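Residue-level structural notes
Given next are the chains, with one letter for each unit.
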Amino acid sequence: MIPGDPLDSRLDTAAGELRSQLGEAPIPDFEPNKRVAAPVAAVVAILIGIGVFLSAPFSNNASQVDVADDTSIDAPDIDGDSGPVVPEPAADSEVDSSDPSRRTTTELETAASDVELTFGQDATQPSSDRVRPDLGQLRNDPAYGSVITRLTDAGGRFSRFDSNRRVMTNSDNTLLITHVDDGTSENMSIIDLESLEQVAVVDRDEESELTWHPTDPARIRHLSGGDANNGSLRLLETDVTTGETSVLADLTDRIQQIFPTGTHMLSAHGRPGDNGNFWAWVVRDETGAPIGAVSYDLAADSIIGSLSELDPTASGQELPAIVDEGLVNGPGDIESILVTSDAKYVVIEYAFVTIVHDADFSAFRAIENTGDNADVVATPDGTDAYVFVNFNTPSQNYGFLTAVDLDTLEQTPLINLFDNANTSMSVSGTATGKPGWVALSTFSCKNEVGADEAWTCNKIMLMELGGENRIVPLAHTYRCSNDEDASWFTIPNGWTNRDLTRVYFTSDSGRCTEGGEIYEVIVPGQFAELN
Amino acid sequence: MAPSPTPPSPQEVVVAPRAIESFDDYYRRDYRSLVGLAFVITGDHGTAEDLVQDALTTAHRNWSKVSHYDKPEAWVRRVLVNRSTSRFRRLASEAKATLKLRQEPEKIVEPSDPNLEVWNAVRSLPKRQSQVIALHYWDDQSLAQIADILECGTETVKTHLKRGRQALAEALGENYLKDNDEGADQ
């Protein structure tokens, strides 16, 4: 401390007053199990209807969605030069009636089959009189006609998902994992996507990283927890029809041979390769400090590689100048580990640098300083890309949504986000069955008060990587538009199912509460016909 | 004045074993400091209490070992700081993305409590700088103690402290820019 230094004095004063405030607060009794979940049996409650989803489909009592006939458009503007092509929304497109008790795939796809696609940077404004739809009610987005359903109810606090990087629907699109907080406790619930009823509760927190089996619709792979209190070095699998949890891979001995003090592992909002076999995790010690990373092939039951030095500068490899600049504080903690769908690369997002590693960690290259809300994406030619919003300066692509070829590190600017409303954006590359397309969800626009929203604002859209970089807007999110009042728990975090027939996002329907709820957009049938 | 007792010969010096503190006593002694540290790092009282609960649960599980450490409180702070970064990963991503997307960074909002401005400025620093400032100014930890908690070198701590102070001074206004490098050497 420096006597008389104004900064020290200011900090001392603030600390003193905080001590006074805390000194008056009672010390609660210690409750060692207060926040520790994850008992041995993962599934503690199998509620209703379980097993039905694996046999005959539910009966269909739902009426057809009335998608108006007058939403036809001219041929899509695929070159993007003549501006967006927008369907005329039907006047009554928000008031379709449907029995929410059952929604069959046939019904939904029929409803979406006549919806015309819109292309380009379209600035059609969201409806000013749109209301929050009833649970399960099929609606048409007022601007784009897409068929939308609210799948969850916020209840006490929220019913949402946490990541734009994970596919939370199972392999046959019949079940959805949702993170529920009823105001007193949290759980991960399984929702039947036809009845929208909760069919199981998985007593895990979101840091158990629940990931559906790539082909078995009843199985979820997951960790035992996200910290030293409940985490481990084991990969588990739970059958949601029986509630039985088994150990898929116990890596304790093998990982502790490499990292003796390792106690638990996380991908931290990452996901495995598309075949469900290739995983990568950061290994942490009992204090939660990251001490290394491993990649693992489940099919071969083999650790493929490990990364014991988490500071890429320590390797002596020369890094690009921009990355050097970002490393003035060291790489920082690992934010997440992403595996490309072909399991060729592992991308690690540190706090201050993003690095692409070979899958066995034998080589690495720096991509950029940072990438937020980004994702890895498979391209049609079989290469891998990392798509992110480039916040880094100096950079030729500063302010652009940017795709990086992970083989060549060549950057391609896609959208200039500083050219309109400085919107924030999440990227999802979960459509591994439709290579070359990403889902973009936007939030926190910085429009001038009273001005029309920019074309990027508060929207769910698809974007093509390569080719003509087509943009397909699907819907507005209708999230609370006042940035000061909007909750983190209602960020859209849009993601897609693997075959890109569905897009999911979170919204509070403009209520400006923490009440995030999950919405589903049926991708219009025309989209499947695009080359 | 009573004569000083004859000092013992070297062979007679007996170092009393350090008294092992019970977890309950430790909990009572350190709880408020931990909550304050977590508040300075996170800016949210509820999140701070959750973080402290997590850290203390980890300590409780390992108390037979941790209690024998020279500084159990340093170990608990290490858990707390590491845990806060994990929680930040989820809760701060939106705020970080929003802030970064503004071409002209907005000035920190003037809160009604002037101290909030200080803590908000601390939290706006890069993570390690923020942690070092919090440990130094809130928790009265020395540079060596901070290095122990963060498992890094003292020089690294000094660098973070210096840069953090510079950034803080810039954020809080020109009155604080005077000679602010000096604190890093204390």
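For the structure itself, look to the data block above.
Each value, and the rule that gives it
Residues numbered from 1 in each chain as written. Chains lettered and ligands numbered in written order. Predicted model: local features only at pLDDT ≥ 70, side-chain atom pairs only at ≥ 80, totals over all residues. Heavy atoms only, no water. Helix = DSSP H or I, 4+ residues; strand = E, 2+ residues; numbered from the N terminus. Buried < 20%, exposed > 50% of the residue type's maximum accessible area, 1.4 Å probe, protein only. Polar contact = N/O pair within 3.5 Å; in protein donor to acceptor, adjacent residues only side chain to side chain. Salt bridge = Lys/Arg side-chain N within 4 Å of Asp/Glu carboxyl O. Pairing = 2+ DSSP bridges. Axes fitted to C-alpha atoms, helices over the stretch in contact; angles between N-to-C directions. Disulfide = S-S within 2.5 Å. 1 Å grid on protein atoms, 1.4 Å probe; cavity = no way out; pocket = protein on both sides within 12 Å on 5 of 7 lines; lining within 4 Å. Points joined across faces, edges and corners; volume = space filled by probe spheres on them. Expected span 1.5 Å × (residues − 1).

1. Brief notes about the environment of aspartate 5 of chain A
All names here are of chain A. Note that aspartate 5 resides in the segment before helix H1 (6–24). A relative accessible area of 4% means that aspartate 5 is categorised as buried. A distance of 3.0 Å separates the side chain of aspartate 5 from the backbone nitrogen of leucine 7, its partner in a polar contact.

2. A few points about the pattern of salt bridges
Tallied over the entire structure, the rule returns 34 salt bridges over all chains. Among the ionic pairs, arginine 219 of chain A bridges to glutamate 237 of chain A, the shortest N-O distance being 2.9 Å. With arginine 219 of chain A in strand E9 (residues 219–222) and glutamate 237 of chain A in strand E10 (residues 234–239), this residue pair connects regions lying 18 residues apart in the sequence. We classify glutamate 237 of chain A as buried; its relative accessible area is 6%. Note that arginine 83 of chain B and aspartate 54 of chain B form a salt bridge whose closest N and O atoms lie 3.2 Å from each other. With a gap of 29 residues between them, arginine 83 of chain B in helix H4 (residues 72–91) and aspartate 54 of chain B in helix H2 (residues 45–61) connect regions that are remote in the sequence. Judged by relative accessible area, aspartate 54 of chain B falls into the buried class, the value being 4%. Bridged by salt links that share partners, the residues Arg132, Arg150, Asp153, Arg511 and Glu517 of chain A form one connected network.

3. Focus on the sheet that holds strand E12 (residues 262–266) of chain A
Residue and element names in this part refer to chain A. Read across the sheet, four strands follow the order E12-E13-E14-E15 without closing on themselves; strand pairing throughout is antiparallel. The sheet is open, and its two borders are formed by E12 and strand E15 (302–307), each paired with just one other strand. Neighbouring strand axes in the sheet, compared pairwise and without regard to direction, differ in orientation by 30 degrees on average. Examined bridge by bridge, E12 and strand E13 (residues 278–285) share four bridges and lie antiparallel to one another. Bridged to glycine 262 within E13 is aspartate 285.

4. Observations regarding the state of the cysteines
Residue and element names in this part refer to chain A. Summed over all chains, the structure comprises two disulfides over all chains. One disulfide in the model links cysteine 445 with cysteine 457; its S-S distance is 2.0 Å. Looking along the S-S bond of the cysteine 445-cysteine 457 disulfide, the torsion reads about -125 degrees, which is the left-handed sense. In this pair, cysteine 445 is assigned in the loop between strand E25 (437–443) and strand E26 (459–464) and cysteine 457 in the loop between E25 and E26, connecting sequence segments twelve residues apart. Looking at cysteine 457, the relative accessible area reads 0%, which means it is buried. The connectivity of the disulfides in chain A is 1-2, 3-4, where the numbers refer to bonded cysteines in sequence order.

5. Focus: unusual backbone geometry
Leaving glycine aside, a negative phi is the common case for residues, and trans is the common case for peptide bonds. All names here are of chain A. Phi angles above zero are rare outside glycine, and phenylalanine 361 is one such case at about 65 degrees. Along the chain, phenylalanine 361 turns up in the loop between strand E18 (354–358) and strand E19 (364–368). For phenylalanine 361, a relative accessible area of 10% gives the class buried. At serine 509, a position not held by glycine, the phi torsion is positive, near 55 degrees. The topology assignment puts serine 509 in the loop between strand E29 (502–507) and strand E30 (517–522).

6. What about empty space enclosed by the protein?
All names here are of chain A. Inspection of every chain in the model, using the stated rule, returns eight cavities of 30 Å³ or more. Its volume calculated, the largest cavity comes out at about 170 Å³. Considering the residues around the largest cavity, the lining is formed by 16 residues, among which Thr211, Arg271, Pro272, Gly273 and Arg498 are closest to the centre.

7. Some words on the environment of glutamine 53 of chain B
All names here are of chain B. Looking at where glutamine 53 falls in the secondary structure, it is placed in helix H2. Its relative accessible area of 10% is what places glutamine 53 among the buried residues. When the C-alpha positions of glutamine 53 and threonine 85 are compared, they lie 15 Å apart, and in sequence the two are 32 residues distant.

8. Details of the sheet that holds E18 of chain A
Residue and element names in this part refer to chain A. Within the open sheet, the four strands sit side by side as E16-E17-E18-E19. Their pairing is antiparallel. On the outer flanks of this sheet lie strand E16 (334–339) and E19, each paired with one strand and no other. Direction aside, the axes of adjacent strands within the sheet are offset by 25 degrees on average.

9. Some details on helix H7 (residues 127–138) of chain B
Residue and element names in this part refer to chain B. Taking 1.5 Å as the rise per residue, H7 with twelve residues should run 16 Å; its terminal C-alpha atoms sit 16 Å apart, in good agreement. Along H7, eleven of the twelve residues are buried, which leaves the element largely enclosed by surrounding structure. Looking one or two places after H7, you find aspartate 140, whose phi comes out positive at around 55 degrees.

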